[in-house]
Amino acid sequence: MANMKKVIESIILIIVVTIITPGISFANTYHAEINVSESFLEAKFDATMPIEQGSLTTGISAIYDDDDYKIVSGNIAVGNEVFTPGLRCDLGFKGVWGEVDEDHKDGDLLAISFLLSAVYDIPETVSAIPLEVSAIVCAAPDSLCFEESERYIDVRTTLGFRILENAAILVGYRHIKVHFDDHRDWKMSDDVLFVGYRLRF
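Counting starts from 1 at the beginning of each chain's written sequence and moves along it residue by residue. pLDDT decides what is reported in this predicted model: residues at 70 or higher carry local features, side-chain atom pairs at 80 or more are listed and counted, and totals for whole chains, interfaces and linings draw on all residues regardless. In computing side-chain properties, one takes all heavy atoms of the structure into account and sets aside hydrogens as well as water.

> Looking at this structure, how should I read the packing of aromatic side chains?
How two aromatic rings sit relative to each other is given by the distance of their centres and the angle of their planes. Between the rings of Phe, Tyr and Trp (Trp by its six-membered ring), a pair exists once the centres lie within 6.5 Å; its type follows the angle of the planes, with under 30 degrees stacked, over 60 edge-to-face, and the other angles tilted. What the rule picks out here adds up to six aromatic pairs. On the numbers, 6.2 Å between centres and 40 degrees between planes, the contact of F45 with F201 is tilted. Within this pair, whereas F45 is found in strand β2 (residues 40–51), its partner F201 is found in the segment after β11 (186–200), the two being separated by 156 residues in sequence. Given a relative accessible area of 22%, F45 falls into the partly exposed group. One aromatic cluster in this structure is built from Y30, F45 and F201. Each helix corresponds to a stretch of at least 4 residues labelled H or I by DSSP, and each strand to a stretch of at least 2 residues labelled E; elements are numbered beginning at the N terminus. Under the scheme applied here, a residue whose accessible area is under 20% of the maximum for its type counts as buried, over 50% as exposed, and between as partly exposed, the area being computed with a 1.4 Å probe on protein chains only.

Here you go:
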């Protein structure tokens, strides 16, 4: 377990260094995002840089629910436009760790999940308002879950209204489910509707 924690800490360190270190190109794009609901808060920061075959995205995020959980994550993915102009897909990994407390039960989450995301900029011929639709799916099977966690899934969809060239208002939905096996065999599941703001620079 100690070795696995060191591996995950190393991955996160690489992600952070990638974000704060000047990249191989001045064309790097950074996204800062915050999302809220009645008891939910999410903060994200991503950096995307061009590579030979598409782009590389690294990021860190934290989500907090007043009553149920606190989760921090770091991700790394490669992507490119596919099928049609304006549709971008990314494939990579997301490391997650945190604490879950629900119905007088608590557990520690530690997992390395597979990440698949897609973003589509809706053409102006379809919508007069600049819009984008995005979806992210992260899933970790039992073999990639540690501590007391057994399975992890995180699904997020958003609709973005670009109010400025570099800023958007977001409306979204998130579903999180974590299975635990600490001799109690229980799970935490949460569904959240949120609004947010994203700044690109």
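Next comes the rest of the account.
> Can you help me understand the confidence of the model for the protein chain in this one?
Residues shown with low pLDDT carry predicted positions that ought not to be read at fine detail. Residues of the protein chain with pLDDT of at least 70 account for 85%, and the chain-wide mean is 86. Note on scores: pLDDT gives the predictor's confidence for each residue, bounded by 0 and 100. Within the protein chain, helix α1 (residues 2–20) has the poorest average pLDDT of any element, 52, and strand β7 (residues 131–140) the best, 96. Any two residues whose heavy atoms approach within 4.5 Å are treated as being in contact. Of the regions scoring below 50 in pLDDT, residues 21–26 engages in three contacts with residues more than four places distant in sequence or in other chains.

> Is there a simple way to explain the pairing of strand β4 (residues 69–81) in this structure?
The side chains of a regular strand alternate, residue by residue, between the two faces of the sheet. Strands pair, by our definition, only if DSSP identifies at least two bridges between them. Note: strand β3 (residues 54–65) against β4, 10 bridges, orientation antiparallel. Note that in β4 the partner of Y64 across the bridge is K70. If you look at the hairpin formed by β3 and β4, you'll find three residues sitting between the two strands. Across 13 bridges, the pairing between β4 and strand β5 (residues 87–102) is antiparallel.

> Teacher, can you tell me more about the layout of surface pockets here?
Here the idea is plain: a probe the size of a water molecule rolls over the atoms and shows the empty space left. The space that makes up the largest pocket amounts to roughly 1,000 Å³. Throughout, the protein atoms alone are placed on a 1 Å grid, and a set of points is a cavity if a 1.4 Å probe fits but cannot get out or a pocket if it is open with protein on both sides within 12 Å along at least five of seven lines; lining residues have an atom within 4 Å of a point. Around the largest pocket, the lining comprises 44 residues; the ones closest to its centre are H31, D46, T48, R88 and V119. A breakdown of the residues in the lining of the largest pocket according to their chemical character gives 12 nonpolar, 15 polar and 17 charged. Grid points are joined across faces, edges and corners, and a volume is the space filled by probe spheres set on the points. When residues are sorted by character, Ala, Val, Leu, Ile, Met, Phe, Trp, Tyr, Cys and Pro go into the nonpolar class, Asp, Glu, Lys and Arg into the charged class, and all the rest, Gly among them, into the polar class.

> Explain empty space enclosed by the protein to me, please; I cannot follow it from the model alone.
Taken as a whole, this structure holds one cavity of 30 Å³ or more when the rule is applied. Within this model, the largest cavity holds a volume of roughly 40 Å³. Every residue along the wall of the largest cavity is listed here: S61, A62, I63, I71, S73, K94, Y152, D154 and R174. Where the lining of the largest cavity is concerned, the elements lending two or more residues are β3, β4 and β9 (149–164). Looking at the lining of the largest cavity, the element that brings in the most residues is β3, giving three residues. Each residue belonging to the lining of the largest cavity can be placed in one class, and the counts come to four nonpolar, two polar and three charged.

> How should I be thinking about the pairing of strand β10 (residues 167–180) in this particular structure?
Judged by how many residues are buried, β10 sits mostly within the fold: 10 of 14 residues are covered. In terms of strand pairing, β9 meets β10 through 14 bridges, oriented antiparallel. Looking at β10, one finds that G160 is bridged to L170. From the end of β9 to the start of β10, which pair antiparallel, there are two residues. Pairing between β10 and β11: 14 bridges, direction antiparallel. Within the sheet, the bridge partner assigned to R174 lies in β11 and is V192.

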